[in-house]
Amino acid sequence: MAWLSLKVWLVGLSFLGCLYPLVDFSFSGETRGQKPNFVIILADDMGWGDLGANWAGTKDTANLDRMAAEGTRFVDFHAAASTCSPSRAALLTGRLGLRNGVTHNFAVTSVGGLPLNETTLAEVLRGAGYVTGMIGKWHLGHHGSHHPNFRGFDYYFGVPYSHDMGCTDTPGYNHPPCPACPRGDRPSRNLERDCYSDLALPLYENLNIVEQPVNLSALAQKYAEKATQFIQQASTSGRPFLLYVGLAHMHVPLAGTPPSAGPRGQRLYSAGLREMDHLVGRIKDTVDLVGKNNTFLWFTGDNGPWAQKCELAGSVGPFTGSWQARRGGSPAKQTTWEGGHRVPALAYWPGRVPVNVTSAALLSVLDIFPTVLALAGAPLPQGRRFDGLDVSQVLFGRAQTGHRAEGTGFSWMGCVSSVCVVHPGLPASPLH
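Residues numbered from 1 in each chain as written. Predicted model: local features only at pLDDT ≥ 70, side-chain atom pairs only at ≥ 80, totals over all residues. Heavy atoms only, no water.

1. Concerning the overall build of the chain
Our working rule: Under the scheme used here, helices are H or I runs from DSSP no shorter than 4 residues and strands are E runs no shorter than 2 residues, and both carry numbers assigned from the N terminus. Burial classes: relative accessible area under 20% of the type maximum marks a residue as buried, over 50% as exposed, and values in between as partly exposed (1.4 Å probe, protein chains only). Contacts are assigned to residue pairs that have any heavy atoms within 4.5 Å of one another. Surface accessibility follows the Shrake-Rupley procedure with a 1.4 Å probe radius. Residue values consider only the protein chains on display as shielding.
Assigned secondary structure in the chain consists of eleven helices and 14 strands. Every one of the 432 residues in the chain was classed for burial, and the buried ones make up 58%. At a minimum sequence separation of 6, the contacts of the chain that also span at least 24 residues come to 71%. Element-wise, carbon and sulfur atoms account for 54% of the exposed surface of the chain, whose accessible area totals about 16,600 Å².

2. Things to note about the state of the cysteines
Convention followed: By definition, disulfides here are pairs of cysteine sulfur atoms that lie within 2.5 Å.
Scanning all chains against the criterion turns up one disulfide. Each sulfur in the disulfide pair Cys-167 and Cys-181 lies 2.2 Å from the other. Disulfide Cys-167-Cys-181: the torsion about the S-S bond is 100 degrees, which places it as right-handed. Highlighted residues: Cys-167 in the loop between strand E5 (155–158) and strand E6 (203–205) and Cys-181 in the loop between E5 and E6, separated in sequence by 14 residues. Under the relative-accessibility criterion, Cys-167 is labelled buried at 1%.

3. Thoughts on the environment of Gly-52
By the secondary structure assignment, Gly-52 is in the loop between strand E1 (37–43) and helix H2 (62–69). The buried category is assigned to Gly-52, whose relative accessible area is 15%. Once the C-alpha coordinates of Gly-52 and Leu-64 are considered, the two residues, twelve residues apart in sequence, prove to be 8.0 Å apart. Setting aside its immediate chain neighbours within four residues, Gly-52 contacts Thr-58, Thr-61 and Asp-65.

4. Quick notes on the environment of Ala-180
If you trace the backbone, Ala-180 turns up in the loop between E5 and E6. For Ala-180, a relative accessible area of 24% corresponds to the partly exposed category. In this structure the C-alpha to C-alpha distance between Ala-180 and Pro-213, which are 33 residues apart in sequence, comes to 9.7 Å.

So this is what it looks like as C-alpha cells:
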C-alpha cells in the first residue's frame, strides 16, 4: 500500500500548487517508427444515425463521412454499456462492468472511481514506451489516485465528469434549461431543474484547475488545440503515443450557436454535430500531417442518444425500438435496447485499414483494449479475464466476422447498472 500512499501524497501537494506534472517526451528505447501511434476518439451520447455515412438524413458530419470513405466503417459496433462511466471503464480495461467494478455513473460527490487494482490501456502502453495523453471527459473518479494522471496518462486536459454535473457561466441548451452559476446575492438554483449542483464545473490541466467555471462555448476549440499540440510534440519526440479524446459532444447542454434556418431544436443539434465534426477533422488533419502512415485513429461513441432530451437528442437511425416506444419508453441511452448501445464506429489508418469499406462484423468497444495492445506488441495484463478480442484481422480486411461464432449461446456485450446486454449467437463468457 506504500505506492497508494505516495500517490495520495503527491495529489495533495499538487492541489496546493507545489507540484505540476509535465509530460516527458524523452525516451531512450524504441522509436515511433517501430510501433504505431493510437488516437481513440470517444463521442458522448452520439446516436448511430448521427453519422451521415450511416444515415442518409444526416448532413452534418462531412469530416467523419470523409474518414469513413478513407477507412472502414463498422455498422454493427456496440458500446460496452448504455451509460457513461461503465462504458468508459470498459474501453480502458477491456472488461465489462461486472468484472471491473464500474456499473454506475460516478457523480460530483463520488469519492471513488475505477478500482485501483484495474490496469488501464494507458498504463500498459506507458510501460511499453508510449507517451500517453487524455483530453476531455474522464468520468472515472476525480479524487486522489483516481485522477487520470495516476491511471497511466502522462498528460490530461479536460473536465472530470459530464459537463452538466456542475454549473457554468455559459450553460448552453438543455431540457429543462440549466441556469448559470449563481453570483453575489442571487439565490441558488432549484436542483429539481435537472442541473446537478452549484459547484462550478472545473477544467483541469494535469492536476491543476485552470478554469472554473468552464466556458462551454470555447471548450471544443481548447480540446482541438490541446490535441493538436500533444500529437505534434509526441511526433517529434521519437516516442510512440496514445491519445484518448473524450468529447463533450453530443451530451447536453449543447453549446453551439445555431444557424438561422430550420426548427430551433434541430438547428441546435445540427450545429453541435458540425462543431464536433470540425473538431474531429482538426485532429485527423494533424494526424495526416505528422504521422499519417503510422497512426491508427479509432472513432466511436460511449452509448446511444439521450432520448429524454427530445429535439436536443441524437438519432438512433433504424433502431427505434418501436415496441418499447409505443409504451412510452425509450430505446436509447440508459436502456439495453439496440439504440442504447449500437454506436457509430470508424477505423482510419492509411495503408493498413482498407479504404471505403463497410463492415458488418460484430465488434465492441471492449475490443479496443486487446487490439491496440496486440498492434503495439504489448502483452495483456496477467491474472485478468478480458471480454474483448484482438480484431486486427477484421480491421485489416483479412476477416469478415468479429464475435460471431457457430452454435448458440450468448455473449455479454454490456451492462447498465446490474443489467447486461447480450447478443445471440455467441458463446457465453463466465464472469470472473
